[in-house]
Every structure is written in structure tokens, then in C-alpha cells.
Amino acid sequence: MAALSGIRVLDLSRVLAGPWAGQTLGDLGAEVIKVERVDGGDDTRCWGPPWIDDGDEGSTRRSAYFASANRNKKSIAVDFTKPAGKEVILKLASSCDILIENYKVGGLRQYGLDYESLSAMNPRLIYCSITGFGQSGPYADRPGYDFLIQGLGGLMSITGRPDNEPGGGPIKVGVALTDILTGLYGVIGILSALNHRNETGEGQHIDMALLDVQVASLANQAMNYLSSGVEPSRMGNAHPNIVPYQDFPTKDGRVIITVGNEGQFAKFCDCLGVPELANDPPYKTNALRIANRTKLIEYISSLTVQKSSKDWLKIFEESGVPCGPINSISQVFEDPQVIARQLKRESKLGDDTKDVMRFVANPIRLSKTPVEYKCSPPKLGADTVEILMGLGFGVEVIEKLTEEKVVGIDVR
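Residues numbered from 1 in each chain as written. Predicted model: local features only at pLDDT ≥ 70, side-chain atom pairs only at ≥ 80, totals over all residues. Heavy atoms only, no water.

Caption draft 1: Spotlight on the packing of helix 9 (residues 262-272) against helix 12 (residues 309-319). Taken N-terminus to C-terminus, the directions of helix 9 and helix 12 make an angle of 140°; their axes are 10 Å apart at the nearest point. For the element pair helix 9 / helix 12, the angle class is oblique. Classified by chirality, the crossing of helix 12 by helix 9 is right-handed. Between helix 9 and helix 12, the contacting residues are Lys-267, Phe-268, Cys-271 and Leu-272 on the first element and Trp-312, Ile-315, Phe-316 and Ser-319 on the second. (Axes fitted to C-alpha atoms, helices over the stretch in contact; angles between N-to-C directions. Helix = DSSP H or I, 4+ residues; strand = E, 2+ residues; numbered from the N terminus. Parallel < 35°, antiparallel > 145°, perpendicular 65-115°, else oblique. Left-handed = near helix turned anticlockwise from the far one by under 90°. Contact = heavy atoms within 4.5 Å.)

This is how it looks when you write it as C-alpha cells:
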């Protein structure tokens, strides 16, 4: 039995943060029903190439982007702006434990699908709203996107090289990290609310904001500022609180060194062939090394360029100095540790095909209730008939709803 067996989730979200939360719950065993527009579905279905299936000309394809956040879900295509479509969602919500949505603040109220309306019908419902800025405050009505939030929330001010270096300037993180973190924080909130409901029988509203998550995730950088009043700055790959903790040039590339204590620094100096450096007065402690960072890094770099990356990594690893390469994505999936942990998986794209989709495993390792990969990301409306029949709709009614474009069945 999976960890969340018996839990039913209604996923009204689109793009990434909400779908990531829904996918995580699905991986943990919940039944996740993804509600999509009849005319095209989730916006990210067409965010390609690349595609995970080509399909016939004119069919609704699944982009790799969509596939990254929508496995282990069923898809029902419903137009809930129409009264009959709204009734479908109301029936679903009455039978679900959790609802995830990322519409603008108040956007679902006009359809009676807001928390207040649905909780009156289903008091046990856990309703998770994900927005850019939350349900309150002067920015509440603004749309919020990951890139925008990375800038507004301070992440880009500490990401990238200093302005006075070549290529200097603010840089966003290479994936929509704020969306991913919001999805994961959303799951934490949902599971907390689920435990509360198990104790009290009461559901509740969860207000998740991308900006809140981004600010909270500034972690030590935020605390550095709040504790000292000194504005953190972009430092490239260097660390504000530890030296040496960055990448260094080699004869043929760069390697990463992450020295976390004085013992590791002594070993590092031995590997460099300058053991006396560990006791040199300007560098004897981490605080001193921070104060004398520039001179020390220049000296270390003059030594690391004398050998290849492969040679240095072998030397450091044998001496217990934390180190690593800077891998490309292809190199990541060729790494023996990644292979051993089975982080690259495969699944069929459907019962009626031999096509296979490769995907990244969920990193949660549960010893008693392991993650399951029950199904690949669904085609738009692939489960509409099954879900409607489960709600008590007859064949003739389903045909009528389809003709009126209230619902879509395996939309093409």
C-alpha cells in the first residue's frame, strides 16, 4: 500500500508549482484528477519542442515540460465556466480530500469553486491556493511568474558574477526553482493539514505564495543581512560564509572544492603540496580566510591550474577533501551514483503503444511505502469518461456534455 492510498486530489492548477505538488502527491499514492480546459488543456502541453510523443497531425501532443510535472494523474477536460461543467467540478470536489488551484485571487469565486463555497459543501476539504503574492497584501491581484519572483524576491541579486567581472550581472537560476519550491512547500502544508484533519475532522485553506517561498528560501543569505545589516552581493560560485568553497581552474577545466572545516582545509593544503599554508597566520581559521579571501583564492588558483581536473579529483577524493566536477546534464545521467540510485526511469506512454518515456525519479525513499509510478502524463481528457461514470453520469448524458463541449474526451 502506498503512503497516500485512499486520498483523492482534485488538481485545478496549471503550469508548474501546482502541478508539481499534485505530481508529488500522486507519486506518494494519492489518486490525482487533473482538471484541464477542453480547448487545449494545461498551457504547458504546447510548450515544446521537445515532445514526448509526436502523435498524428493535429492531435494534442505532450511536451517534455508538461511531462515533467504531470505523471501519476488522470485527466478530465471540463469547461467549468458553463453551468453543467461547474456541476461536474462540484461533484468531484464533494468526493475529494484535497484541492489544488492556482487561479488569480478570487478568480474561482464567480463559479462557486472558492474555498468558502466548497468547504461549506465538504468541510473536510483541504484547499491549497497557489498564487504569486498570496491572498492578501498590495500585490495580491498581480500575476506572478517564477522569473519575476526570482528578481523581486532577491534571488537574482545573489546569483551570478559581480558586476565588475566579465559576464557580471544578475542571473536567474537555470530551472524555475521558485515554482518547484512552492510546490514542495505546498505539499508540506497539505500533509500538515491532512494530519490536522485526521485529528479534528476539519479541512482548511492553505495560502501559498511564490514570493513568500522565495524570501523564506534565501536562508543563510537573509540571516546574514538581518544579523549584520550588510547587503549580500553576487559572488559567482564563491560562498559568503566559507572559504575555500567554490570552483577552481584546472589545466583543462574547473573543479569544485567545498572545504567545511579546519581539518578539511589542512588536507586540502596537503593535496596542493603546500601543507604549511594551513598554519599560515592569515589563513589559520575560516574567519581569517574570509577576511583574506582574494589573495588566498588567487594563490590556490595558481596551483590548481597545474593539473587536469581528473588528476585533481582523484587526489582530493583519496584524501577525503570534498570535491566534484561540473557536469553537463548528459554527464549527470552517466554518473555511476546517479545510475546506482536509479534516478533515470522509463515508463510506457500508454497501454496501446510501445513508445517509452524517460523521466526523473522522485527522490523520496520510503522503506515501507515506496513511491510508485502508476501512469505516464495523461493525454488531454484521457480519463473523462471513467471519471464521469464514477460520478454517476450515464452514457447519454456524457455524450450530450461532449456535444455541447462541456467536457472533452481524449481531446484531439
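More follows now that the structure is in view.
Caption draft 2: Broad picture of the side chain of Arg-8. By the element assignment, Arg-8 lies in strand 1 (residues 8-11). Looking at Arg-8, its side chain comes within polar contact range of the side chain of Glu-31, at 3.1 Å. Polar side-chain contacts of Arg-8 include one of 2.7 Å to the side chain of Ser-95. Every residue in contact with Arg-8, bar those within four places of it in the chain, is listed here: Glu-31, Ile-33, Leu-92, Ser-95, Cys-96, Asp-97 and Ile-98. (Polar contact = N/O pair within 3.5 Å; in protein donor to acceptor, adjacent residues only side chain to side chain.)

Caption draft 3: Looking closely at the sheet that holds strand 12 (residues 407-408). Strand order in this open sheet of seven strands is 6-5-4-1-2-3-12, and the pairing throughout is mixed. Unpaired on one side and paired on the other, strand 6 (205-209) and strand 12 mark the two borders of the sheet. (Pairing = 2+ DSSP bridges.)

Caption draft 4: Inspection of the pattern of salt bridges at higher detail. One pass over the structure, following the stated rule, counts 17 salt bridges. Where Lys-73 meets Asp-11, a salt bridge forms, and the shortest distance between an N and an O atom there is 3.0 Å. Here the residue Lys-73 occupies a position in the loop between helix 2 (64-67) and strand 3 (74-78), and Asp-11 occupies one in strand 1, the gap between them amounting to 62 residues. There is no split in this pair, since Lys-73 and Asp-11 are both buried. The closest approach of N and O atoms between Glu-262 and Arg-289, which form a salt bridge, is 2.9 Å. You can see Glu-262 sitting in helix 9 and its partner Arg-289 sitting in helix 10 (residues 286-291), a full 27 residues away along the chain. Here the salt bridges share partners, and the residues they tie into one network are Arg-8, Glu-31, Lys-74 and Glu-386. (Salt bridge = Lys/Arg side-chain N within 4 Å of Asp/Glu carboxyl O. Buried < 20%, exposed > 50% of the residue type's maximum accessible area, 1.4 Å probe, protein only.)

Caption draft 5: The packing of aromatic side chains, seen in detail. Across all of its chains, the model carries nine aromatic pairs by this definition. Ring geometry for Phe-248 against Phe-268: centres 6.4 Å apart, planes inclined by 40°, an arrangement best described as tilted. One end of the pair, Phe-248, is in strand 7 (residues 245-249); the other, Phe-268, is in helix 9, with 20 residues separating them in the sequence. Exposure class is identical for Phe-248 and Phe-268. Each is buried. An aromatic cluster is built from Phe-248, Phe-268, Trp-312 and Phe-316, whose rings are joined through pairwise contacts. Sitting above the plane of the Tyr-103 ring, Arg-14 keeps its charged end 3.9 Å from the centroid. (Phe/Tyr/Trp six-rings, centres within 6.5 Å; stacked < 30°, edge-to-face > 60°. Lys NZ or Arg CZ within 6 Å of the ring centre and 35° of its normal.)

Caption draft 6: Expanded view of helix 1 (residues 17-27). Counting buried positions over the 11 residues of helix 1 gives 10, a clear majority of the element. Along its buried surface, helix 1 packs onto strand 1, strand 2 (31-36), helix 2, strand 4 (98-101), strand 5 (126-131) and helix 6 (177-200). Just downstream of helix 1 lies Gly-29, where phi reads positive at about 110°.

Caption draft 7: Quick peek at the state of the cysteines. Tallied over the full model, the rule gives zero disulfides. The thiol of Cys-96 is unpaired, and the distance to the nearest cysteine sulfur, on Cys-128, comes to 14 Å. For Cys-323, which is in no disulfide, the shortest distance to another cysteine sulfur is to Cys-271 and amounts to 8.6 Å. (Disulfide = S-S within 2.5 Å.)

Caption draft 8: How the structure looks around the layout of surface pockets. Computed from the structure, the largest pocket encloses a volume of approximately 1,000 Å³. Around the largest pocket, the lining is made up of 33 residues, and of these Trp-20, Gln-23, Ser-68, Ile-180 and Val-360 lie nearest the centre. When contributions to the lining of the largest pocket are tallied by element, the ones reaching two or more residues are helix 1, helix 2, helix 6, helix 13 (329-334) and strand 11 (356-360). Per-element accounting of the lining of the largest pocket gives the leading share, five residues, to strand 11. In the lining of the largest pocket, the residues fall into 26 nonpolar, four polar and three charged. (1 Å grid on protein atoms, 1.4 Å probe; cavity = no way out; pocket = protein on both sides within 12 Å on 5 of 7 lines; lining within 4 Å. Points joined across faces, edges and corners; volume = space filled by probe spheres on them. Nonpolar A, V, L, I, M, F, W, Y, C, P; charged D, E, K, R; others polar.)

Caption draft 9: Broad picture of the environment of Ser-75. You can see Ser-75 is positioned in strand 3. Discounting residues that sit within four places of it in the chain, Ser-75 has contacts with Lys-34, Glu-36, Arg-45, Pro-378, Lys-379, Leu-380, Gly-381, Ala-382, Asp-383, Thr-384 and Ile-387. For Ser-75, the side chain forms a polar contact with the side chain of Glu-36, separated by 2.8 Å.

By themselves, these figures tell us nothing about what the structure is for.
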